[in-house]
Amino acid sequence: MTQVKTLTLAISAGIVALVVGAIAFTLSWNLWDYWGGPMPGIQVLLFPGNLTLIHVWHPLFTDEVSFWPKLALLFIGQFVVVTLVAALFIGPVRKFNCLFAHANR
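Keep in mind that what you see is a predicted model, and the values were worked out from it rather than measured.

A.B. asks: How would you summarise the packing of aromatic side chains if you had to cite specific residues and measurements?
C.D. replies: The tally for this structure, following the rule as stated, stands at six aromatic pairs. Note on Trp-29 and Phe-67: the rings are 4.9 Å apart at their centroids and 35° apart in plane angle, and the pair reads as tilted. Of this pair, Trp-29 sits in helix H1 (residues 6-30) while Phe-67 sits in helix H5 (residues 67-103), and the two are 38 residues apart along the sequence. Both rings, one in Tyr-34 and one in Trp-35, keep their centres 5.2 Å apart while their planes meet at 75°; by these two values the pair is edge-to-face. Residue classification places Tyr-34 among the exposed residues on the basis of a relative accessible area of 66%. A relative accessible area of 37% means that Trp-35 is categorised as partly exposed.

Written as structure tokens, this is what we have:
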């Protein structure tokens, strides 16, 4: 069985989160009239990106940042936060699995 590197797996998780976030944002943006507001669940799907908008980018920039740069910052935050959390989570899980596998032999 091949062992995928932690960084590769974490970056893959970040890319998946980025794609899911982009699809969710696009659906919410284009179906605003249908939903009567933002798409239900959009806050959950874009939580990592919104977290960076509020706590990282907002203190650095004013609220007058135009749409496209703010969207880019949202997607950068979405990717970076999910990648870091995945990397921090995968490492200890792999160590625990190795210890557990050796204990069962």
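A.B. asks: Go over the side chain of Gln-78 with me, naming the residues and quoting the values.
C.D. replies: Along the chain, Gln-78 turns up in helix H5. Among the polar contacts listed, one links the side chain of Gln-78 to the backbone oxygen of Leu-45, at a separation of 3.0 Å. Setting aside its immediate chain neighbours within four residues, Gln-78 contacts Ala-17, Leu-18, Gly-21, Leu-45, Leu-46, Phe-47, Pro-48 and Gly-49.

A.B. asks: Give me the lowdown on helix H4 (residues 47-60), citing residues and values where you can.
C.D. replies: Structurally, the α-helix is built with 3.6 residues per turn, so residues lying three or four positions apart point the same way. Here H4 spans 19 Å end to end across 14 residues, near enough to the 20 Å set by a 1.5 Å rise per residue. The axis of H4 is deflected most strongly, by about 40°, at Leu-53. Where H4 is concerned, the buried positions are Pro-48, Gly-49, Asn-50, Thr-52 and Leu-53.

A.B. asks: Got a sec to walk through the nonpolar core? Specific residues and values, please.
C.D. replies: In this structure, Ala-24, Phe-25, Met-39, Ile-42, Leu-46, Leu-53, Leu-71, Leu-73, Leu-74 and Phe-75 together form the largest nonpolar core, which totals ten residues. Mapped by element, the contributors of at least two residues to this core are H1 and H5. The element contributing the most residues to this core is H5, with four residues. When sequence neighbours within four positions are dropped, the list of residues in contact with Phe-75 reads Leu-18, Gly-21, Ala-22 and Phe-25.

A.B. asks: I'd like a rundown of H1, residues and numbers included.
C.D. replies: Between the first and last C-alpha of H1 there are 36 Å, a value that for 25 residues agrees with the 36 Å anticipated at 1.5 Å per step. For H1, the full list of buried residues reads Ala-10, Gly-14, Ala-17, Gly-21, Ala-24, Phe-25 and Ser-28.

A.B. asks: Talk me through a nonpolar patch on the surface; I want residue IDs and the actual numbers.
C.D. replies: Among the surface-exposed residues, Leu-7, Ile-11, Ile-15, Val-19, Ile-23, Leu-27, Leu-31, Tyr-34 and Trp-35 lie close enough to one another that they form a single nonpolar patch of about 860 Å² accessible area. At the level of elements, H1 and helix H2 (32-35) are the ones that each hand at least two residues to the nonpolar patch. Among the elements that make up the nonpolar patch, the one with the highest residue count is H1 (six residues). Mapped onto the fold, Trp-35 is located in helix H2.

Criteria and cut-off values
- Residues numbered from 1 in each chain as written.
- Predicted model: local features only at pLDDT ≥ 70, side-chain atom pairs only at ≥ 80, totals over all residues.
- Heavy atoms only, no water.
- Phe/Tyr/Trp six-rings, centres within 6.5 Å; stacked < 30°, edge-to-face > 60°.
- Helix = DSSP H or I, 4+ residues; strand = E, 2+ residues; numbered from the N terminus.
- Buried < 20%, exposed > 50% of the residue type's maximum accessible area, 1.4 Å probe, protein only.
- Polar contact = N/O pair within 3.5 Å; in protein donor to acceptor, adjacent residues only side chain to side chain.
- Contact = heavy atoms within 4.5 Å.
- Expected span 1.5 Å × (residues − 1).
- Bend = angle between axes of the 7 residues up to and from the residue.
- Core = buried A, V, L, I, M, F, W, Y, C linked by side-chain atoms within 4.5 Å.
- Patch = residues over 30% accessible without salt bridge, like charges linked within 9 Å, V, L, I, M, F, W, Y side chains within 5 Å.
- Areas by Shrake-Rupley, 256 points an atom, 1.4 Å probe, with all protein chains shown as cover.
- Salt bridge = Lys/Arg side-chain N within 4 Å of Asp/Glu carboxyl O.

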